[in-house]
Amino acid sequence: MSFSCKNDLSNDANKKSLVEEMDTIERRSRAAENLLIKLQDLSKKGFAIGHQDATSYGLNWRHLDSPDSIKSDVAKVSGKFPAVYGFDIGHIELGRTHNLDSVPFDVMRQLMIDAYKKGGIITVSWHADNLTSKGNSWDKTPTVSDLINDGKLQQTYTLWVKRVADFLKSVQVDNEPIPVIFRPFHEMNGSWFWWGEGNCSVEDYKVLWQGTVDLLRETHGLNNLLYAYSPNKLNPNDDYMKYYPGDDYVDVFGIDIYDFKNSEDYIHSVVHDLAIVKKVAQEKQKPYAFTETGLETLSTPNWFTEVLYPNIENTGVSWILFWRNARVDHHYMPYEGHPISEDFRAFEALPKTLFLEDLTN
Ligand code: BMA
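Numbering of residues begins from 1 in every chain and follows the order in which that chain's sequence is written. The predicted origin of the model limits local features to residues at a pLDDT of at least 70 and limits the giving and counting of side-chain atom pairs to 80 or more, whereas totals for whole chains, interfaces and linings rest on all residues. The basis for every side-chain value is the complete set of heavy atoms in the structure, and neither hydrogens nor water enter the calculation.

(A) Here's a closer look at unusual backbone geometry. One non-glycine residue, H91, adopts positive backbone phi at about 95°. The helix count covers DSSP runs of H or I at least four residues long, the strand count covers runs of E at least two residues long, and both are numbered beginning at the N terminus. Residue position: H91 is located in the loop between β4 (84-88) and α5 (105-117). Exposure classes here rest on a 1.4 Å probe applied to the protein chains alone. A residue is buried below 20% of its type maximum, exposed above 50%, and partly exposed in between. For H91, a relative accessible area of 14% corresponds to the buried category. Of note in the backbone geometry, K261 takes a positive phi value of approximately 55° without being a glycine. Tracing the backbone through its elements, the reader meets K261 in the loop between β10 (252-258) and α9 (263-284).

See below:
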């Protein structure tokens, strides 16, 4: 079955036959199953530390061509590499050679392979462009309803997903695609992306998610992916499950919460929202994670040890992903000489923080 009109995707009979069909195909590769188990197991010890674009670039360095030696701001500051590696494949859908943040996809592939071989966990987000307006992810022009109803756009989107599949299939070790936690269409309960609240109906969002996963799994036969559902911080009265596309389409639960220089508000959300994520995940027997977080520029002293750690140490999250170190005014992890470095080293020494060398394969 392919991503096609809404009727096909919301038709119960079609869904039932799809589920039956899936039973006969290997739904997840052995490596993807192992990753799922690893996520559950490691959460008994602590939480894995992740960084977006950890090895792609940092402050004053960049892997522009093929990577010779692997660097990371986290390693420069703490002596340890992160355990989780976030990448973004925005612009792969356009057939470009570089992602939206100028990381060459060939370099990204090498960095993913290197991290995986060393026991690291790979997670991928997708800041896809807007199909209708051709603007970026933040272009709110409604497009999902167009996609569902317009055959021509479906053709384009099908090609976009093929490019995603080709890339994710091409990241191989021993001729096998490595397992990846794919986290598309994130923060949908916020209104800043074209797939977000107000720019796309709840029903259409689910059709988009399910249709995309069906294409990846069936048309392209990808079984190396785990799918992560990650709304943004909940506003009062938000239902965490509002956009949930269903148990067959999600393997990992998550949430994105940032500290906008208001620690009290941040702590309140972290404690409140992670409790909800944990409850849902435990009911569904799936792992859960703090899929994005950070304090831009790290201007609050002792943020890692005093604001963050005490509020997540007992939540049971499998990992926590800090956003990227792009610039002096846009970074979420310390870099060499950063005033918060010492606090970060103290955070590293706390019992629950797991870095690359703390993970076992
Ligand atoms: C956002 C910002 C952007 C970036 C995007 C995708 O949060 O960091 O600068 O392009 O993520 O990485």
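After presenting the structure, the write-up continues.
(B) Spotlight on the layout of surface pockets. Approximately 480 Å³ is the volume attributed to the largest pocket. Definitions used throughout: a 1 Å grid over protein atoms alone; a cavity as a set of points that fits a 1.4 Å probe which cannot get out; a pocket as an open set with protein on both sides within 12 Å along at least five of seven lines; a lining residue as one with an atom within 4 Å of a point. Y258, E292, W323, H330 and Y332 are, among the 25 residues lining the largest pocket, the residues nearest its centre. Of all the elements in the fold, those that place two or more residues in the lining of the largest pocket are β10 and β11 (288-294). Here the nonpolar group is Ala, Val, Leu, Ile, Met, Phe, Trp, Tyr, Cys and Pro; Asp, Glu, Lys and Arg are the charged ones; every other residue, Gly included, is treated as polar. When its residues are assigned to classes, the lining of the largest pocket shows 10 nonpolar, 5 polar and 10 charged. Grid points are joined across faces, edges and corners, and a volume is the space filled by probe spheres set on the points.

(C) The side chain of S78, seen in detail. With respect to the helices and strands, the residue S78 is situated in helix α4 (residues 73-78). Whenever two N or O atoms come within 3.5 Å, that pair is a polar contact, provided that in protein one can donate a hydrogen and the other can accept it, and provided that, for residues adjacent in sequence, both atoms are side-chain atoms. Within the structure, S78 has its side chain in polar contact with the backbone oxygen of V74 (distance 2.8 Å). Among the polar contacts made by the side chain of S78, one reaches the main-chain amide nitrogen of K80 at a distance of 3.1 Å. Apart from the residues lying within four places of it in its own chain, the contact partners of S78 are F344, R345, E348 and F355. Every residue pair with non-hydrogen atoms within 4.5 Å of one another is taken to be in contact.

(D) Just the site of the ligand, in detail. In the neighbourhood of the ligand, the contacting residues comprise L100, D101, H127, W138, W323, R324 and H330. Here an oxygen atom of the ligand sits 2.6 Å away from a polar atom, N or O, in the side chain of D101. Within the side chain of R324, a nitrogen or oxygen atom sits 2.8 Å from an oxygen atom of the ligand. The Shrake-Rupley method, run with a 1.4 Å probe, gives the accessible areas here. Residue values count only the displayed protein chains as cover. For the ligand, the protein covers 76% of the area, taking 310 Å² as the surface of the free molecule. Along the lines of polarity and charge, the residues of the shell around the ligand split into 3 nonpolar, 2 polar and 2 charged. Nearness is defined per residue: one heavy atom within 4 Å of the molecule or strand is enough.

(E) Local environment of the packing of aromatic side chains. Only rings of Phe, Tyr and Trp enter the pairing, Trp through its six-membered ring, and a pair is recorded when the two centres are within 6.5 Å. The plane angle decides the type: under 30 degrees is stacked, over 60 is edge-to-face, the rest tilted. Scanning all chains against the criterion turns up 30 aromatic pairs. Judged by centre distance (5.5 Å) and plane angle (75°), the rings of Y229 and Y244 are edge-to-face. Of this pair, Y229 sits in strand β9 (residues 225-229) while Y244 sits in the loop between β9 and β10, and the two are 15 residues apart along the sequence. Comparing Y229 with Y244 shows no difference in burial state: the two are buried. Relative to F347, the ring of F344 has its centre 5.8 Å away and its plane inclined at 40°; by these criteria the two rings are tilted. Taken together, the residues F344 and F347, both in helix α11 (residues 341-349) and 3 residues apart, mark about one turn of the helix. Of the residues examined, F347 reaches a relative accessible area of 0% and is grouped as buried. Among the aromatic residues, those joined into a ring-pair cluster are W126, W138, Y157, W160, F182, F185, F193, W194, W195 and Y227.

(F) Quick look at the pairing of strand β12 (residues 319-322). Residues W319 and L321 line one face of β12 and the alternating positions I320 and F322 line the opposite face, and both faces are buried. Relative to β12, strand β1 (residues 47-52) runs parallel, the two being bridged by 4 bridges. Bridged to H51 within β12 is F322. Two strands pair under a simple rule: DSSP has to find at least two bridges between them. With 2 bridges joining them, β11 and β12 adopt parallel strand pairing. Across the sheet, the residue bridging to F290 is I320, located in β12.

(G) Quick peek at the packing of α9 against helix α10 (residues 303-312). Relative orientation of the contacting elements α9 and α10 amounts to 25°, with a least axis distance of 9 Å. On the basis of their axis angle, the class for α9 and α10 is roughly parallel. As α9 runs across α10, the sense of the crossing is right-handed. Two secondary-structure elements touch here, α9 through S263, Y266, I267, V270, V271 and L274 and α10 through W303, V307, L308, N311 and I312. Of the residues belonging to the contact of α9 with α10, the class tally is 9 nonpolar, 2 polar and no charged. Fitted lines through C-alpha atoms serve as axes, helices being fitted only where they are in contact, and the angles separating the N-to-C directions of these axes extend from 0 to 180 degrees. The cut-offs work like this: below 35 degrees is roughly parallel, past 145 is roughly antiparallel, 65 to 115 is roughly perpendicular, and the gaps in between are oblique. Should the near helix be turned anticlockwise from the far one by less than a right angle, the crossing is termed left-handed; should it be turned clockwise, right-handed.

(H) View of the environment of P351. Mapped onto the secondary structure, P351 falls in the loop between α11 and β13 (353-354). Judged by relative accessible area, P351 falls into the exposed class, the value being 67%. Separated by 304 residues in sequence, P351 and F47 have C-alpha atoms that sit 9.7 Å apart. Residue contacts for P351: discarding those within four places in its chain leaves K45 and Y309.

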